[in-house]
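# Results of the structural survey
Chain residues, written in single-letter form:
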Amino acid sequence: MKNEWPLWEIFVRSENGLAHKHVGSLHAADAEMAVQNARDLYTRRNEGVSIWVVRSSDIVATDPSQREALFEPSEDKAYRHATFYQVPDGVKHL
Amino acid sequence: MYTSISDGIVEGQSDERETAFNERLDRSVKVEPNDWMPEAYRKTLLRQISQHAHSEIVGMLPEGNWITRAPSLLRKLILLAKVQDEAGHGLYLYSAAETLGTARDEMVEALLTKKAKYSSIFNYPTLTWADVGAIGWLVDGAAIINQIPLTRCSYGPYARAMVRICKEESFHQRQGFDIMWKLAHGTPEQHAMAQDALERWWWPSVMMFGPPDSASPHNEQSMRWKIKLFTNDELRQKFIDQTVQQAEQLGLKVPDPQLRWNEATQHYEIGPIDWDEFYRVIKGDGPCNRERLQARIDAWDEGAWVRDAAVAYAEKHATKESSAA
């Protein structure tokens, strides 16, 4: 079997005001077909008002084996969150 | 990139990774595509998801048989939407399976060369319009019971596909029940047609949950991996309990003289299942096995020029654009 159509990642905005969200992927020969197929495959029940398609091979992702090095340092920085600070009794609007 | 690292690992590291993997599963952390996973987990999942995808695709055939003969325009629209959903389910699942590192074409080839299986239920024929109702009510009803727990399975892409699928399946089951209801409350001939469909689809539907737990080799490991959350017999019991009651409401008789309600367990008990029939159909000797597979082979072969033409068109336009730039 030859000529497998490339894979595309599909992002759908469910309504204006919300960001596009990844919903899955599909195969299509080109971008135009990817949009048409995404419309048929992922928005049959009012799931969206806008679609983005991106070739899967164009996505650059973090390496899962680097997860700790990349994301753990933020775990011990509780002072970056508002809940870290004690608000004295009686102080309002803080 | 990541797999090339895991290719070269020595055994000690693999054990360590496997321990960490199991520990994450115990904490209900989902597995995502590029995460390290034991080869056996990957293989089992690939088999499970791709067979599920094949079932959705082959499952379009028995119902597609009635699109041109639906009894009204509304029924035709509903059936078209339903069959289109099944195609969608197949595509969601193929995509989920592809994240495990196997190309779509490889999966299709496995189906067409009989290396992969699909649900044996689709090897039964749809002889009357009532069969379309029975499929929605019983077959999709059984599928929902199978699939709802899988929305919580350990593999992220599979779980997410299942969420979409389950939302759509409830439409399928209700439209099927609606067909059965209309027929069961129609003329005596229509009622008889509904009864006949129930009689032919009941046992194959009960078998959809797979062999009994005592004869199901993959159960334990798959439950450990959280890609199966209830055993075949547990799911089957659930189906029987809810469906027998619905049959009563339809005024139809479940074709099992030994069926009885057990007051002590609060469950229905059924007579023996003909597992010989189940294995015969799985091995290829059901009423429609050859026809179903041939339909898929023909669709693939006859669509080849379309797939090639689309690629040629895309390549031509890509060259034009790059030379214009």
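Just so it is clear, the structure is predicted and the values come from calculations on it, not from any experiment. (Residues numbered from 1 in each chain as written. Chains lettered and ligands numbered in written order. Predicted model: local features only at pLDDT ≥ 70, side-chain atom pairs only at ≥ 80, totals over all residues. Heavy atoms only, no water.)

## Notes on the overall build of chain B
Basically, it comes down to this: The numbering of helices and of strands both runs from the N terminus, where a helix is a DSSP run of H or I of at least 4 residues and a strand a run of E of at least 2. Classification of residues uses two cut-offs on accessible area relative to the type maximum, computed with a 1.4 Å probe and protein chains only: under 20% is buried, over 50% is exposed, and between them is partly exposed. Pairs of residues are marked as contacts when any of their non-hydrogen atoms sit within 4.5 Å. Computed by Shrake-Rupley with a 1.4 Å probe, the accessible areas treat only the displayed protein chains as cover when residues are assessed. Note on charges: Lys and Arg go in the positive column, Asp and Glu in the negative column, and His and the chain ends are not counted at all. For the purpose of locating charges, the reference atoms are NZ of Lys, CZ of Arg, CG of Asp and CD of Glu.
The helix and strand inventory of chain B stands at 14 helices and two strands. Seen through its C-alpha atoms, chain B measures out along the principal axes to roughly 70 × 55 × 35 Å. Buried positions account for 50% of the 325 residues belonging to chain B. Across chain B, the fraction of contacts at a sequence separation of at least 24, relative to all contacts at a separation of at least 6, is 77%. A total of about 16000 Å² of accessible surface is found on chain B, and carbon and sulfur atoms cover 56% of it. If you average the places of the 37 positive and of the 46 negative side-chain charges in chain B, the two averages end up 3 Å apart.

## What about the environment of Ala110 of chain B?
Residues and elements named next belong to chain B. Inspection of the secondary structure puts Ala110 in helix H6 (residues 104–112). Accessibility expressed as a relative area gives 19% for Ala110, which makes it buried. With sequence-adjacent residues up to four places away left out, Ala110 is seen in contact with Lys115 and Ala116.

## What to know about the side chain of Asn232 of chain B
Residue and element names in this part refer to chain B. Under the convention used in this document: Whenever two N or O atoms come within 3.5 Å, that pair is a polar contact, provided that in protein one can donate a hydrogen and the other can accept it, and provided that, for residues adjacent in sequence, both atoms are side-chain atoms.
In this structure, Asn232 sits in helix H11 (residues 232–250). Classification of Asn232 as buried rests on a relative accessible area of 6%. One polar contact links the side chain of Asn232 to the main-chain carbonyl oxygen of Phe209, over a distance of 3.3 Å. Reaching out from Asn232, the side chain makes a polar contact with the backbone oxygen of Pro211 at a distance of 2.9 Å. Other than its neighbours up to four places away in sequence, Asn232 contacts Phe209, Gly210, Pro211, Asp213, Ser216 and Asn219.

## Details of a nonpolar patch on the surface
All names here are of chain B. Condition: Patch members must show over 30% relative accessible area and no salt bridge, and they are joined within 9 Å when carrying like charges or within 5 Å when they are nonpolar side chains of Val, Leu, Ile, Met, Phe, Trp or Tyr. For this document, the term salt bridge refers to a Lys or Arg side-chain nitrogen within 4 Å of an Asp or Glu carboxyl oxygen.
Judged by side-chain polarity, Leu73, Leu74, Leu77 and Leu80 come together as a nonpolar surface patch covering roughly 420 Å² of accessible area. Assignment of secondary structure puts Leu80 in helix H5 (residues 73–98). By relative accessible area, which is 40% here, Leu80 ends up partly exposed.

## Structural notes on the layout of surface pockets
Residues and elements named next belong to chain B. Quick reminder of the rule: Here a cavity is any set of points on a 1 Å grid over the protein atoms alone where a 1.4 Å probe fits but cannot get out, and a pocket is any open set with protein on both sides within 12 Å along at least 5 of 7 lines; a residue lines the site when it has an atom within 4 Å of a point. Grid points are joined across faces, edges and corners, and a volume is the space filled by probe spheres set on the points. For this classification, the nonpolar set comprises Ala, Val, Leu, Ile, Met, Phe, Trp, Tyr, Cys and Pro, the charged set comprises Asp, Glu, Lys and Arg, and every other residue, Gly included, is treated as polar.
The space that makes up the second largest pocket amounts to roughly 1300 Å³. Contributing to the lining of the second largest pocket are 47 residues, with Gln48, Gln51, Met208, Phe209 and Gly210 lying nearest its centre. Looking at the lining of the second largest pocket, the elements that each hand over two or more residues are helix H3 (39–58), H5, helix H7 (129–147), helix H8 (156–184), helix H10 (219–224), H11 and helix H12 (275–285). Per-element accounting of the lining of the second largest pocket gives the leading share, seven residues, to H3. Looking at the lining of the second largest pocket residue by residue, the classes come out as 22 nonpolar, 16 polar and nine charged.

## Some details on the interface of chain B and chain A
With 28 residues of chain B in contact, the opposing surface of chain A contributes 23 residues. Our enumeration of links across chain B and chain A arrives at six salt bridges. When the shortest N-O distance is used, the salt bridge between Arg44 of chain A and Asp85 of chain B registers 2.8 Å. Linking chain B with chain A are twelve residue pairs in polar contact (both at pLDDT 80 or more). Here the side of chain B that touches chain A is built from residues that sort into 13 nonpolar, four polar and eleven charged.

## Observations concerning the packing of aromatic side chains
Residues and elements named next belong to chain B. The line we're drawing: A pair of aromatic rings is counted whenever rings of Phe, Tyr or Trp (Trp by its six-membered ring) have centres within 6.5 Å, and the orientation is called stacked for planes under 30 degrees apart, edge-to-face for over 60 and tilted otherwise. Our definition puts a charge over a ring when NZ of Lys or CZ of Arg is within 6 Å of the ring centre and also within 35 degrees of the ring normal.
Tallied over the entire structure, the rule returns 16 aromatic pairs over all chains. Ring geometry for Phe209 and Phe239: centres 5.5 Å apart, planes at 45 degrees, overall tilted. Taken together, the residues span a long stretch of sequence, with Phe209 in the loop between helix H9 (188–207) and H10 and Phe239 in helix H11 at a distance of 30 residues. Across this residue pair, the class does not change: Phe209 and Phe239 are buried. Arg307 extends its terminal NZ or CZ atom over the ring of Trp300, reaching a point 3.6 Å from the ring centre.

## A word on empty space enclosed by the protein
Over the atoms, a rolled probe matching the size of one water molecule traces out where space is still vacant. Residue and element names in this part refer to chain B. Applying the stated criterion across every chain, the model contains one cavity of 30 Å³ or more. There is about 40 Å³ of room inside the largest cavity. Looking at the largest cavity, the residues that line it are Ser120, Ile121, Tyr124, Pro204, Met207, Met208, Phe278 and Val281. A per-class count over the lining of the largest cavity returns seven nonpolar, one polar and no charged.

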